Amino acid sequence: MTLRLRPEDRADFAWVLALALDVTEIRTALAQSPVAPDTARLRARALADADGIAATAAAEYRTYLRARADVMPTTATGAPPAGNPPTPQGTRALLPALGVLTPLISAVAATVFLVFGYGLRFATPRSQAATTLVTAGWVCALATAVSTGIGLCALLVTALRSRARPPFDHPLPLRNPEAEQARSAWHQALLEHGLLPYLRRQLTVSPPRAD
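Here the structure is a predicted model, which is why all the values come from computation and not from measurement. (Residues numbered from 1 in each chain as written. Predicted model: local features only at pLDDT ≥ 70, side-chain atom pairs only at ≥ 80, totals over all residues. Heavy atoms only, no water.)

The number of helices and strands found in the protein chain is eight helices and zero strands. Looking at the protein chain alone, contacts between residues at least 24 apart form 73% of all its contacts between residues at least 6 apart. Looking at the protein chain as shown, the accessible area adds up to about 14,400 Å², and 64% of this sits on carbon and sulfur atoms. (Helix = DSSP H or I, 4+ residues; strand = E, 2+ residues; numbered from the N terminus. Contact = heavy atoms within 4.5 Å. Areas by Shrake-Rupley, 256 points an atom, 1.4 Å probe, with all protein chains shown as cover.)

Next up, the structure:
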């Protein structure tokens, strides 16, 4: 039975693929061959063939999975054990939605309050309710402007951070030396026996001769 690459390990595969694409012989072949695919297309092909490429390092991958299972136990469904504190990812995912909804809700409320407030003031100029509605409308309008400005600043900061971050960060280290060593051995085997031969075949590049 073929050992398929697990979803949580595809980020490691992408990182090793980035290393392989940065090898001198691969970069030279990409630059010199007029018929070679570009880097993005070659990366997409390798990611699509990830399971087949990873099969060349199946023994090292199995060793890594066993070592990782000893230090990162999971339930049968692959979820973290019960009792672990929830991650803040849900909260971080909620913030952009609030950044979009807050100005929208404030703008709608401002429009409603101002329309009814000025309409009521036109009908009954001395109405206290009309003054209250108009005041509330302008407060909502101010809130709309402020929240919109904050949202734009947050988007700008996020965009700048995304541009500054490298496309493939090094995978996070494990807390167990044996598991980390097994992971490094899998990465090395994946690079040497899987990704580099695959890229050479795609680019028709012969492996470098040993001195």
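Moving on: the packing of aromatic side chains. Using the criterion set out here, one finds two aromatic pairs in the structure. The structure contains a cluster of three or more aromatic residues connected by ring pairs, namely Tyr61, Tyr64 and Trp186. (Phe/Tyr/Trp six-rings, centres within 6.5 Å; stacked < 30°, edge-to-face > 60°.)

Turning our attention to the pattern of salt bridges. Throughout the structure, instances matching the rule amount to eight salt bridges. Of the charged contacts, one joins Glu8 and Arg68 as a salt bridge, the two residues approaching to 3.5 Å between their closest N and O atoms. Of this pair, Glu8 sits in the segment before helix 1 (10-21) while Arg68 sits in helix 5 (residues 58-71), placing them 60 residues apart in sequence. For Glu8, a relative accessible area of 47% translates into the label partly exposed. Overall, Arg68 belongs to the buried group, its relative accessible area being 9%. (Salt bridge = Lys/Arg side-chain N within 4 Å of Asp/Glu carboxyl O. Buried < 20%, exposed > 50% of the residue type's maximum accessible area, 1.4 Å probe, protein only.)

A word on the packing of helix 1 against helix 3 (residues 39-48). One can describe the packing of helix 1 onto helix 3 by two numbers: an axis separation of 11 Å at closest approach and a directional angle of 140°. With respect to their mutual orientation, helix 1 and helix 3 come out oblique. The hand of the helix 1/helix 3 crossing is right-handed. Residues Phe13, Ala14, Leu17 and Leu21 of helix 1 touch helix 3, and the partners they reach there are Thr39, Leu42, Arg43, Ala46 and Leu47. (Axes fitted to C-alpha atoms, helices over the stretch in contact; angles between N-to-C directions. Parallel < 35°, antiparallel > 145°, perpendicular 65-115°, else oblique. Left-handed = near helix turned anticlockwise from the far one by under 90°.)

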